[in-house]
Amino acid sequence: MAAGLLSNRVDREDLAVGDHIYSWRAAYIYAHHGIYIGDEMVIHFTRAAGHEIGTGTFLDSFLFSSSPASSAGDAPPCQRCGHLVRPDGVVMSCLDCFLHGGSLYLFHYGVSPAFFLAKARGGTCTLAASDPGDAVAHRARYLLDKGFGAYSLFKNNCEDFAIYCKTGLLVETAFSVGRSGQLASLTAAFSAVASSPLRFLTTSAGGLAVVTTGMYCVGRYVSDIGVRRDVVKVPVETLVAQTSATVTAMEADVTAENSADVAVAADADTVRPPAVDQSS
């Protein structure tokens, strides 16, 4: 763990089934996360090519998917996992496709508060404890078959998927961000900037730096899945059942609304007075 304080980089040979791994993308702007299931295969949650974080803006053109179906141009599909064609959602691909030319890093679980705060950038570790590797792999494989719901940058992204597989923890409150340490760091940074009125509490640049850094650290710490109180442990079978029920209810609502619109239109045609012949 001491070595991990400087870098979370790991060799392939040191990976174990159920490890949460990640690789930095786009000049370290963000990282893509997944669960290693052995035999150099990874299960991860992604969007279609060009929409991995799904901002719906021009930024998507600078970001790419790690789906085995997202080969650029006319490049031949990967001989190892190219047959596992699925454009988005929970996918399984080989380690090389997952890394997409990047380096391999290991996400750390059960770290101490001091270690957590020493890793200034989020999305690399958590205070939460990991479940055994076989339980982690079971969740990942189950979600590969059943899905993990709709992708959402702030609520349900690739890091959220990997953390759920590792811990089984879900956020209960609908108004807060998900489990992602990357998003928690971003939120903490905005909060630290927004706390700029606190500069009046200090008269020196050094004091201002201490206040801002303190606000950032506190924001990251209280947002970590390992210390939050708005989380609950949910079996993967229950999660899938709840998601399916929600989707079914939404589809039923849409069907009901469409039926109501058709009925209203039909009623309007029924009560419409007949056209008057003006020729006479």
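Refer to the preceding data block for the structure.
Rules behind the numbers
Residues numbered from 1 in each chain as written. Predicted model: local features only at pLDDT ≥ 70, side-chain atom pairs only at ≥ 80, totals over all residues. Heavy atoms only, no water. Pairing = 2+ DSSP bridges. Helix = DSSP H or I, 4+ residues; strand = E, 2+ residues; numbered from the N terminus. Contact = heavy atoms within 4.5 Å. Axes fitted to C-alpha atoms, helices over the stretch in contact; angles between N-to-C directions. Salt bridge = Lys/Arg side-chain N within 4 Å of Asp/Glu carboxyl O. Buried < 20%, exposed > 50% of the residue type's maximum accessible area, 1.4 Å probe, protein only. Core = buried A, V, L, I, M, F, W, Y, C linked by side-chain atoms within 4.5 Å. Expected span 1.5 Å × (residues − 1). Arc of directions from axis to C-beta.

*Asks:* How would you summarise the sheet that holds strand 2 (residues 30–38) if you had to cite specific residues and measurements?
*Replies:* Across the sheet, five strands lie side by side as 4-3-2-1-5; this open sheet has antiparallel pairing. In the strand order of this sheet, the two ends are held by strand 4 (89–94) and strand 5 (105–106), each with one partner. The sheet contact formed by strand 2 and strand 3 (residues 41–46) spans four bridges and is antiparallel. Each residue of the ladder has a partner; that of Gly-38, found in strand 3, is Met-41. Seen against the sheet, helix 4 (residues 133–146) touches strand 2, strand 3 and strand 4 and runs at an angle of roughly 115 degrees to strand 4. Against the sheet, helix 5 (residues 158–167) touches strand 1 (20–25), strand 2, strand 3 and strand 4, its axis set at about 35 degrees to strand 2.

*Asks:* Which residues make up the environment of Leu-143, and what are the values?
*Replies:* Relative to the helices and strands, Leu-143 resides in helix 4. When neighbours within four sequence positions are excluded, Leu-143 is seen to be in contact with Val-90, Phe-148, Phe-161, Tyr-164, Cys-165, Val-236, Leu-239 and Val-240.

*Asks:* Which residues make up the pattern of salt bridges, and what values do they have?
*Replies:* Applying the stated criterion to the full structure yields seven salt bridges. Close ionic contact of Lys-233 with Asp-131 constitutes a salt bridge, the shortest N to O distance being 2.9 Å. Taken together, the residues Lys-233 in strand 7 (residues 231–233) and Asp-131 in the loop between helix 3 (113–118) and helix 4 connect sequence positions 102 residues apart. A residue is classified by how much of its surface remains accessible, and Lys-233, at 47% relative accessible area, is partly exposed. Each of the salt bridges in this network shares a partner with another, and the network as a whole consists of Arg-12, Glu-40 and Asp-96.

*Asks:* Let's hear about the environment of Asp-88: which residues, and what values?
*Replies:* You can see Asp-88 is positioned in the loop between strand 3 and strand 4. Taking the relative accessible area as the measure of exposure, Asp-88 reaches 36% and is therefore partly exposed. Sequence separation of Asp-88 and His-44 is 44 residues, and the distance between their C-alpha atoms is 9.7 Å.

*Asks:* Provide a residue-level description of the nonpolar core, including the pertinent values.
*Replies:* By size, the foremost hydrophobic cluster in this structure holds 24 residues, and its most contacted members are Ile-35, Ile-43, Leu-143, Phe-148 and Phe-161. Those elements giving two or more residues to this core turn out to be strand 2, strand 3, strand 4, helix 4, helix 5 and helix 8 (236–271). When near neighbours in sequence (up to four residues on either side) are disregarded, Ile-43 contacts Gly-34, Ile-35, Ile-37, Val-90, Val-91, Met-92, Ala-140, Arg-141, Leu-144 and Phe-161. Judged by nonpolar contacts, the second largest core, of eleven residues, contains Trp-24, Ala-31, Ile-163 and Val-231.

*Asks:* How would you explain helix 4 if you had to name every residue and give the values?
*Replies:* For helix 4, spanning 14 residues, the distance from its first C-alpha to its last is 20 Å, which sits close to the expected 20 Å at 1.5 Å a residue. Of all the positions in helix 4, only Val-136, Ala-137, Arg-139, Ala-140, Leu-143 and Leu-144 are classed as buried. Buried positions in helix 4, seen along its axis, are confined to an arc of 160 degrees and lie on one side of it. Relative to its buried face, helix 4 has exposed residues pointing more than 90 degrees away, namely Asp-134 and Asp-145. Gly-147 sits one or two residues past helix 4 and shows a positive phi near 95 degrees.

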